[in-house]
Amino acid sequence: MYEFVTGPLAWLSFAIFFIGLIVRIGLYIRGLDWRLDRVTYGENVSYGIKGALRSILFWLFPYGTHSWRNNPWFTLWVFVMHIGLLLTPVFLLGHNILLKERWGISLWALPESVADGFTVIVILAVIFLVLRRIALPEVRLITTAYDYLLLLIAVAPFITGFLAYHRTPDYYFWLIAHIICGEIFLMAIPLTKLSHFILFFLSRAQLGMDYGIKRGGMKGKGLAW
Amino acid sequence: MPEGKLCNKKPVNTKEELQALLTDKSGKQYYEEMNHLDVDRKALWGTIQKSFKSRLKTWLEICSHCGLCGEACFYYLANNKDPRQVPSYKIQQTLGKIIKRKGDVENAFMQECMDTSYAKCTCCTRCGVYCPFGIDTGIMFSYLRGLLFSQGFVPWEMKIGSGMHRIYRAQMDVTVEDWVDTCEWMAEEYEDDWPGLTIPVDKQNADIMYTVNAREPKHYPEDIAEAAILFHVAGENWTVPSEGWEETSLAMFGGDWEACKLQVESVYAAMDRLKPKRMVVTECGHAYRATVIEGPYWAGLKSGKTPVESLHYVEWVAEALRTGKLKIDPSKKIKEPVTYQDSCNYVRNAGLGDIAREIMSYIAEDFREMSPCREHNFCCGGGGGLNGIGRYREQRNIGLKVKRDQILATGAKLVIAPCHNCWDAIRDLEEIYKIGIRWSFLKPLLINMIEVPEELKPKEE
Ligand code: SF4
Ligand code: SF4
Ligand code: SF4
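Okay, so let's go over this structure.

The rules behind the values
Position numbers for residues count from 1 along each chain, tracking the sequence in the order it is written. Here chains are named by letter from A upward and ligands by number from 1 upward, in the order in which they appear as written. For this predicted model, a pLDDT threshold of at least 70 governs which residues receive local features, and a threshold of 80 or more governs which side-chain atom pairs are given and counted, while totals over whole chains, interfaces and linings are taken from all residues. Excluding hydrogens and water, the side-chain figures rest on all heavy atoms present in the structure. By the criteria applied, helices consist of DSSP H or I runs no shorter than four residues and strands consist of E runs no shorter than two, each listed in order from the N terminus. In this description, contact between two residues means that some pair of their heavy atoms is separated by no more than 4.5 Å. Using a 1.4 Å probe, the Shrake-Rupley method yields the accessible areas, and only the shown protein chains count as cover for residues. We treat Lys and Arg as the positive residues and Asp and Glu as the negative residues; His and chain ends play no part in the count. Charge coordinates come from a single atom per side chain, which is NZ of Lys, CZ of Arg, CG of Asp or CD of Glu. Residue exposure (1.4 Å probe, protein chains only): buried if accessible area is under 20% of the type maximum, exposed if over 50%, otherwise partly exposed. DSSP calls a pair of strands paired once it identifies at least 2 bridges connecting them. The convention used is that axes are lines fitted to C-alpha atoms, helices contributing only their stretch in contact, and that angles between N-to-C directions extend from 0 to 180 degrees. Salt bridges are defined as contacts in which a side-chain nitrogen from Lys or Arg sits within 4 Å of a carboxyl oxygen from Asp or Glu. When two parts are brought into contact, each loses some accessible area as probed by a 1.4 Å sphere; the total of that loss over both is the buried area. Distance and chemistry together define a polar contact, namely a pair of N or O atoms within 3.5 Å, with one atom able to donate a hydrogen and the other to accept it when in protein, and with adjacent residues in sequence counting only for side-chain atoms on both sides. We define a nonpolar core as any set of buried Ala, Val, Leu, Ile, Met, Phe, Trp, Tyr and Cys residues linked to one another through side-chain atoms lying within 4.5 Å. Any residue with a non-hydrogen atom lying within 4 Å of a molecule or strand is treated as near it. Using protein atoms alone on a 1 Å grid, points that fit a 1.4 Å probe yet trap it form a cavity, whereas open point sets bounded by protein on both sides within 12 Å along at least five of seven lines form a pocket; residues with an atom within 4 Å of a point count as lining. Occupancy of a cavity or pocket is assigned to a molecule whenever over half of its atoms lie within 2 Å of that pocket's grid points. Under the grouping applied here, Gly and all other residues not named as nonpolar or charged are polar, the nonpolar ones being Ala, Val, Leu, Ile, Met, Phe, Trp, Tyr, Cys and Pro and the charged ones Asp, Glu, Lys and Arg. Each aromatic pair joins two rings of Phe, Tyr and Trp (for Trp, the six-membered one) with centres within 6.5 Å, and gets the label stacked for planes under 30 degrees apart, edge-to-face for over 60, and tilted for any other angle. Both a distance and an angle decide whether a charge sits over a ring: NZ of Lys or CZ of Arg must be within 6 Å of the ring centre and within 35 degrees of the ring normal.

1. Overview of the overall build of chain B
A count of helical and extended segments in chain B gives 22 helices and eight strands. Each of the three principal axes of chain B carries a C-alpha extent, and together these read 75 × 45 × 40 Å. Long-range pairs, those at least 24 residues apart, make up 81% of the contacts in chain B with a sequence separation of at least 6. Of the roughly 16,400 Å² of accessible surface on chain B, a fraction of 51% belongs to carbon and sulfur atoms. Between the mean site of the 59 positive side-chain charges and the mean site of the 66 negative ones, chain B shows a separation of 8 Å.

Now the structure itself:
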């Protein structure tokens, strides 16, 4: 089982992850249309680039925009969660040992205690986001089962990994569960709306170009996001 | 009865059809017929497949239902934070469902979509500025209005408006003769007070081609006279075109993209014909948005720009004050607290926030900002055509509360609103809520404040 999930299944999930993302990017860009979107993507390019970068960068920093500042707790947990989701798997010591064994490459690794801390924080962040979905009427109304499923897909590798790392009696079970959950997460990124992994950047760039080229970017200082 | 006599999928192209609609007081028969209008599902889905591309698709798809857009929407705030007013909810329940069902929707649902896309969204695009993914629900509602128009689900007044543009190239039945006569009449009317005042029509190669909102020749001709006086005092070499003088676009509010194109092309044709150096648009927000910001795209101009450089009136005013073409008499500056209504259309959607502040710095001693302001300002409540739609009067009036409270918080009793729609909305909010404010365009205020050179004053006899 271990061989299978860390072998062919791992290959498959990485392939779906990378190819899926490339397809997403390709489809998005192919579907842009200057007349329908009413943005001259190919003209006034320097304004477009400036608008796109501003639109991405302000939102990439916690409290960088009005909206982030208006919602301090949400912003805190969303950023903590995303940082944990990105850094922990990539820089986990265990993953890097595996990488070295299989493909002969490895990255710098986080100290184990730090990774463990991140894991707990990600789990707490997800709990916060779930409670928020339930508590706030304006969020509850628009939340669907799909939204909870995505949170589950994202947090599952962390819960299982935590249990495996702490050598619970069923270590082997949790290890396999962890690997499978991680692979599901990877595959889900391009296949579900977790595709915001990449579409966040594309969509933000698009609106940034819209504002940068057409909606005032050439006259004002640029939108104060 | 699938297609009504008045309410149908065909846009209005003749005076007879237009007259029939106008005779139907407040659209009684029109809305009755709408109850029986069939949805052409194949055509609807066909249009969607051609126009629903990655930008919109991604917006609908990746919305994480975080709800941040809620508090960005003035309707949400005005309706006691009703969750059903969250932009994400509004769009998922309408456009979202049409897409999910591949256009397989019923009459009642289409009417619901129409009610939501007009009475719950003014397309002010504020929510897009507050969404982490840059999901611009205002743009999506505008797209939805286009789909609804193509199926005949459009408020009575907007159907009339689009017909007006198609027939008269103006949002009201103002013909070329009416317009030119009004200009002549105004020039004569004010000539005694302003010797030498003219309103030059169709002058070639002028520095400025001035264009207006059809309401001005129709209901507020003094506005044209005031513009003329200010150009006259500033010593501008200006003109108005006999054709292509109308900047507004009820067609844009109504989602009649074909009429949008016809309308802006008439203005661009005037530019080609008269070869002015620049065009200046009157104090109207959506007119500027339509003709200067969006228009080039409707007309297929690859540069995304109008054939000649185009300014909103506030840009011209700021320039005239900056360069000294117009001088303010310091003793006549506005002394009382005064605030400024940032129009979504030329501030959030065209970047003119600084220009407005510059003007205020020349003319006001106690300028009070609304909070929020500039590109974050709330819609006045009357945008997206809402001021003019009887069916949604009640919802509009509730929406006005946000602007009312914003104005009250400044303590100012005078609101400068250089946008026809904002001006109307603020007038109406005073009428309804009686908070004791006055409101004004820039032109009449400026005329009372400027220093008039001796040679331009009437000679005492
Ligand atoms: S802010 Fe954006 S992502 Fe969040 S619910 Fe609104 S539209 Fe969706
Ligand atoms: S565009 Fe304006 S009115 Fe429409 S949903 Fe967004 S914030 Fe509300
Ligand atoms: S009427 Fe004025 S405030 Fe309202 S949407 Fe239009 S420009 Fe904005």
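2. Thoughts on the overall build of chain A
Counting secondary structure elements, chain A contains 12 helices and zero strands. Listed by position from the N terminus, the elements making up chain A come as α-α-α-α-α-α-α-α-α-α-α-α. Here chain A, with 225 residues, has 48% of them falling under the buried criterion. For chain A, contacts bridging at least 24 residues in sequence account for 66% of all contacts bridging at least 6.

3. Observations concerning the sheet that holds strand β1 (residues 208-211) of chain B
All names here are of chain B. Judged by pairing direction, the sheet is parallel, and its four strands sit side by side in the order β2-β1-β3-β4 without closing on themselves. Looking along the sheet, the strands with just one partner apiece sit at the ends: β2 (238-239) and β4 (309-312). Here strand β3 (residues 278-281) runs beside β4; their pairing, made up of four bridges, is parallel. Counterpart to Val 280 in the pairing with β4 is Leu 311. Contacts between helix α13 (residues 221-234) and the sheet are confined to β1, β2 and β3, with β1 contributing the most and set at about 160° to the helix. In this fold helix α17 (residues 313-323) packs onto β1, β3 and β4, with an angle of close to 85° to the strand it touches most, β4.

4. Re the pattern of salt bridges
Residue and element names in this part refer to chain B. Under the criterion given, the structure shown has 42 salt bridges over all chains. Between Glu 258 and Arg 166 there is a salt bridge whose closest N-O contact spans 3.7 Å. Taken as a pair, Glu 258 in helix α15 (residues 257-274) and Arg 166 in helix α10 (residues 156-168) lie far apart in primary sequence, 92 residues in all. Its relative accessible area of 52% is what places Glu 258 among the exposed residues. On the basis of relative accessibility, which here comes to 8%, the residue Arg 166 falls in the buried class. Salt-bridge contacts for Arg 273 lead to Asp 202; the nearest nitrogen and oxygen are separated by 3.3 Å. Taken together, the residues Arg 273 in helix α15 and Asp 202 in the loop between α11 (176-191) and β1 connect sequence positions 71 residues apart. Linked through salt bridges whose partners overlap, the residues forming this network are Arg 215, Arg 393, Arg 396, Asp 424, Arg 427 and Asp 428.

5. Thoughts on the interface of chain B and chain A
The interface of chain B with chain A comprises 56 residues on the first partner and 55 residues on the second. Summed over both partners, the interface of chain B with chain A comes to about 4,600 Å²; 55% of that surface belongs to carbon and sulfur atoms. A per-residue breakdown of the area chain B buries against chain A is headed by Arg 55, His 65 and Tyr 297 of chain B, which together make up 17% of the total. At the boundary of chain B and chain A, one finds eight salt bridges. Here Glu 315 of chain B ties to Lys 219 of chain A by a salt bridge, and the two come within 3.1 Å at their closest N and O atoms. Inspection of the chain B/chain A interface yields 31 residue pairs in polar contact (both at pLDDT 80 or more).

6. Details of the nonpolar core
Counting residues in hydrophobic clusters, the biggest one holds 206 residues, and the most contacted among them are Leu 95, Trp 316 and Ile 363 of chain B. Element by element, the count of residues in this core is highest for α13 of chain B, at nine residues. Ignoring any residue separated from it by four or fewer positions in sequence, one finds Trp 316 of chain B in contact with Ile 208, Leu 230, Phe 231, Ala 234, Glu 236, Val 280, Leu 311 and Leu 326 of chain B. Ala 205, Met 209 and Ile 213 of chain A together with Tyr 297 of chain B belong to the second-largest nonpolar core, a separate cluster that totals eight residues.

7. Quick notes on the site of ligand 1
Residue and element names in this part refer to chain B. If you check the shell around ligand 1, you find Cys 63, Ser 64, His 65, Cys 66, Gly 67, Leu 68, Cys 69, Ser 88, Cys 131, Pro 132, Phe 133 and Ile 135 and nothing else. The pocket occupied by ligand 1, as judged from atoms lying within 2 Å of grid points, is the second largest cavity. Within the shell around ligand 1, the residues separate by chemical class into eight nonpolar, four polar and no charged.

8. With respect to the packing of aromatic side chains
Counting across every chain of the model gives 31 aromatic pairs over all chains. Between Phe 231 of chain B and Trp 316 of chain B, the ring centres sit 4.7 Å apart and the planes meet at 70°, which makes this aromatic pair edge-to-face. Taken together, the residues span a long stretch of sequence, with Phe 231 of chain B in helix α13 and Trp 316 of chain B in helix α17 at a distance of 85 residues. As far as burial versus exposure is concerned, Phe 231 of chain B and Trp 316 of chain B are alike and both buried. Centre to centre, the rings of Tyr 313 of chain B and Trp 316 of chain B are 5.6 Å apart; their planes meet at 45°, and the pair counts as tilted. Of this pair, Tyr 313 of chain B and Trp 316 of chain B both sit in helix α17, three residues apart, which is roughly one turn of that helix. On the basis of relative accessibility, which here comes to 0%, the residue Trp 316 of chain B falls in the buried class. Here the aromatic cluster, defined as three or more aromatic residues joined through ring pairs, consists of Trp 11, Phe 14, Phe 17, Phe 18, Trp 103 and Phe 197 of chain A. In this arrangement the basic side chain of Arg 132 of chain A is found over the ring face of Phe 74 of chain A, its NZ or CZ atom lying 4.0 Å from the centre.

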